[in-house]
Amino acid sequence: MTSTKKRLVSMQAQLEGQAAQMDVLISTITASQTAEAEENKNNYKSYDAQVAQTYKMYDALADYGSEILRGIVESRVSFISGEGISVDGPKPTMKFIDKFLYLNKLRGSRLLSMVQTGEMEGKNLVILSPDRKPKLYKNEIIPGYVKARSFSWYVNKYVVQVNQFDTDEITKITYADKTDEKKVKSIPIKQAVYIRLGGSPDKLNDTPSRIHNVLTQIENASRIELDLRKNNHLFAKIMPTWKTTTPTEAKGIRDDVNSDNWELGKSYAGTADFSLTGPPLGASDALSTEFVLCLKIISAMTGIPIHWMAYPELMSNRATAENLLEVVHGATVKDRLIWEEGLKDIILKAMDLAIAEGWEDNSIKKDFVLKFDMVSLATLKALSETWLPLQMANVISMSTLRSKVPGIDSNEEKQLIEKEKKENVELMQDSMAAMNGGVDVSEENKGTNDDTGANSGKQTGSTGNGQVP
């Protein structure tokens with residue numbers, strides 16, 4: 001056999017092999033229009049791939065899913081941390097905490113950024129470090145403060161090690177130096193807080209989040225949207241049709257159309273039946289049904305109600321809509337509890353660092369309450385029907401009640417209430433003084449109280465008609 005024949009046989013074998021592997025459901029036209037094969041399985045099985053794809057989708061660098069994922073991430077961040085932190089504790093402790101939260105923007109943008117990292121990576125490592133540059137805090141120059149910053153796994157690929165007999169005890173945190181990958185750096189445990197949100201208990205460093213579990217569904221939903229566009233581009237065109245009885249009539253009409261003697265809008269006279277033929281909707285309906293199915297799976301996993309993803313028609317009634325808020329609460333309560341514990345650890349370690357730097361003393365080391373609440377109809381209902389009656393019955397304190405109110409700083413509210421009470425007392429005293437001709441009522445009452453004994457004697461020695469016996 002010549003070399004040419006051998007090459008032909010080899011090429012024929014390759015073509016036969018490719019034909020054997022070809023999906024019979026893929027036609028020539030769809031194969032030419034499909035960007036890449038769609039697999040019926042989870043496309044992201046490793047933690048590295050999950051995190052990388054999440055960041056690609058969020059930054060609009062992925063082929064599919066960018067238009068869906070970012071809204072999901074930011075919705076969950078809003079559900080978890082949108083109401084902010086509520087903290088209550090003793091005055092010296094609260095003064096330090098207010099300063100720490102204010103300077104680190106942990107009542108605003110940086111808190112949202114930390115929670116977002118947690119959603120995209122399933123964890124967050126917060127690093128504390130002293131910033132010894134003077135800072136302005138509420139019209140006061142302070143010598144420095146404790147800085148809190150996220151240390152992204154996606155950027156730094158850090159590794160956390162724990163005590164094998166106590167997995168809550170972190171023994172080491174390391175990462176590779178970017179300038180020299182063979183060089184490993186360590187992060188001091190006393191200056192770091194590891195907040196683990198996702199993954200199964202047996203894996204410490206691989207922490208897939210809820211969003212990671214539906215990356216394939218997000219990608220497929222995006223594909224379906226583009227498939228609808230392809231279908232419309234290829235087939236969704238209205239075509240003029242003439243039904244004739246003879247080939248001669250058909251040829252005459254075809255020649256007229258091809259010679260531009262006729263166009264839509266012009267009249268037609270003849271024996272042929274004319275109609276405008278449109279594409280059937282079956283294929284589009286099938287794709288739309290699959291798209292909604294993907295959204296339902298995404299909604300079930302992320303806790304975002306499907307009618308909040310631009311499908312209000314899928315919500316049957318208002319009662320169901322209100323109940324879905326409880327689904328949001330249930331899908332985010334674990335994350336809020338973990339963040340509450342993590343933020344409290346961050347503040348406690350920041351206290352130790354500030355004391356070591358000489359900026360604070362041990363008086364700030366008092367217990368405090370930190371809450372990460374979410375506003376829902378059930379929360380507001382519980383406040384009025386459960387917590388308020390308990391406080392009025394002296395079962396719980398006013399501080400506990402305030403900590404249950406989302407969206408406020410309970411310690412700041414306490415100070416504002418005390419300030420308002422003081423202002424109201426002063427205003428009442430000024431009003432009474434004005435009514436008594438400018439006499440200071442508080443001083444007059446004070447003198448009366450000092451002479452209580454003498455006045456009592458006068459009262460005892462008097463008669464009903466004012467005469468002294």
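Each value, and the rule that gives it
- Residues numbered from 1 in each chain as written.
- Predicted model: local features only at pLDDT ≥ 70, side-chain atom pairs only at ≥ 80, totals over all residues.
- Heavy atoms only, no water.
- Helix = DSSP H or I, 4+ residues; strand = E, 2+ residues; numbered from the N terminus.
- Buried < 20%, exposed > 50% of the residue type's maximum accessible area, 1.4 Å probe, protein only.
- Contact = heavy atoms within 4.5 Å.
- Areas by Shrake-Rupley, 256 points an atom, 1.4 Å probe, with all protein chains shown as cover.
- Salt bridge = Lys/Arg side-chain N within 4 Å of Asp/Glu carboxyl O.
- Patch = residues over 30% accessible without salt bridge, like charges linked within 9 Å, V, L, I, M, F, W, Y side chains within 5 Å.
- Lys, Arg positive; Asp, Glu negative; His and termini not counted.
- Charge placed at Lys NZ, Arg CZ, Asp CG, Glu CD.
- Pairing = 2+ DSSP bridges.
- Axes fitted to C-alpha atoms, helices over the stretch in contact; angles between N-to-C directions.
- Phe/Tyr/Trp six-rings, centres within 6.5 Å; stacked < 30°, edge-to-face > 60°.
- Parallel < 35°, antiparallel > 145°, perpendicular 65-115°, else oblique.
- Nonpolar A, V, L, I, M, F, W, Y, C, P; charged D, E, K, R; others polar.

J.: Explain the overall build of the protein here, please?
T.: A count of helices and strands for the protein gives 16 helices and 12 strands. Evaluated residue by residue, the protein yields a buried proportion of 33% over its 469 residues. Sequence separation of 24 or more characterises 66% of the internal contacts of the protein that already satisfy a separation of 6 or more. Surface summary for the protein: the accessible area is close to 28900 Å², and the carbon and sulfur share equals 54%.

J.: Would you take a moment to explain the pattern of salt bridges for this structure?
T.: When charged atoms on two side chains of opposite charge get close, those side chains can pair. Counting across every chain of the model gives 14 salt bridges. Measuring nitrogen to oxygen at the nearest pair gives 3.2 Å for the salt bridge that ties R107 to D98. Residue classification places R107 among the partly exposed positions, given a relative accessible area of 35%. The exposure class assigned to D98 is buried, which follows from its relative accessible area of 15%. Here the salt bridges do not stand alone but share partners, grouping R76, E119 and D335 into one network.

J.: What is the right way to look at a nonpolar patch on the surface in this model?
T.: A contiguous nonpolar surface patch, about 380 Å² in accessible area, is contributed by I238, Y268, F274 and L276. Structurally, F274 is set in strand 11 (residues 273-277).

J.: What am I meant to see in a negative patch on the surface here?
T.: Where like charges cluster on the molecular surface, the negative patch consists of E420, E423, E426 and D430. As for its placement among the helices and strands, E426 is situated in helix 14 (residues 410-435).

J.: Is there a simple way to think about the sheet that holds strand 7 (residues 166-176) in this case?
T.: Paired through backbone hydrogen bonds, the strands of a sheet run either parallel or antiparallel to each other. Strand order in the open sheet formed by three strands is 6-7-8, and the pairing between neighbours is antiparallel. Taken across any chain shown, the strands that pair with only one partner, and hence form the sheet edges, are strand 6 (159-163) and strand 8 (184-186). Strand after strand, the sheet turns through a mean of 40 degrees between neighbouring axes, direction not considered. Looking at chain direction, strand 7 and strand 8 are connected through three bridges and run antiparallel. Its bridge partner lying in strand 8, A176 is registered against V184.

J.: I keep staring at the packing of aromatic side chains and nothing clicks. Help me out?
T.: The description of two aromatic rings rests on the distance between their centres and on the angle between their planes. Within the structure shown, the criterion is met by eight aromatic pairs. Relative to Y175, the ring of F151 has its centre 5.1 Å away and its plane inclined at 65 degrees; by these criteria the two rings are edge-to-face. Taken together, the positions of F151 in the loop between strand 5 (145-150) and helix 7 (153-156) and Y175 in strand 7 put the pair 24 residues apart, joining distant regions of the chain. Of the residues examined, F151 reaches a relative accessible area of 16% and is grouped as buried. Judged by centre distance (5.2 Å) and plane angle (50 degrees), the rings of W242 and F274 are tilted.

J.: So what exactly am I meant to see when it comes to the packing of helix 3 (residues 47-58) against helix 4 (residues 66-81) here?
T.: Angle between the axes and distance between the axes: these two values describe a pair of packed helices. Remark: helix 3 packs on helix 4, axes separated minimally by 8 Å, with the N-to-C direction vectors making an angle of 100 degrees. Relative to helix 4, helix 3 is oriented roughly perpendicular. Of the residues in helix 4, those in contact with T54, K56, M57 and Y58 of helix 3 are S66, L69, R70, V73 and E74.

J.: Please clarify how the sheet that holds strand 9 (residues 192-196) should be interpreted in this entry.
T.: As summarised here, the arrangement of the three strands in space is 5-2-9, forming an open sheet in which the pairing is antiparallel. Each end of this open sheet is capped by a strand with a single partner; those strands are strand 5 and strand 9. Adjacent strand axes in the sheet meet at a mean angle of 20 degrees when their direction is disregarded. Here strand 2 (residues 123-131) pairs with strand 9 via five bridges, running antiparallel.

J.: Any chance you could explain the packing of helix 3 against helix 6 (residues 109-121) here in plain terms?
T.: Contact geometry for helix 3 and helix 6: axes closest at 9 Å, N-to-C directions at 130 degrees. With respect to helix 6, the axis of helix 3 lies oblique. Contacts between helix 3 and helix 6 involve Y47, V51, T54, Y55 and Y58 from the former and Q116, T117, M120 and E121 from the latter. For the contact of helix 3 with helix 6, a count of residues per class yields five nonpolar, three polar and one charged.

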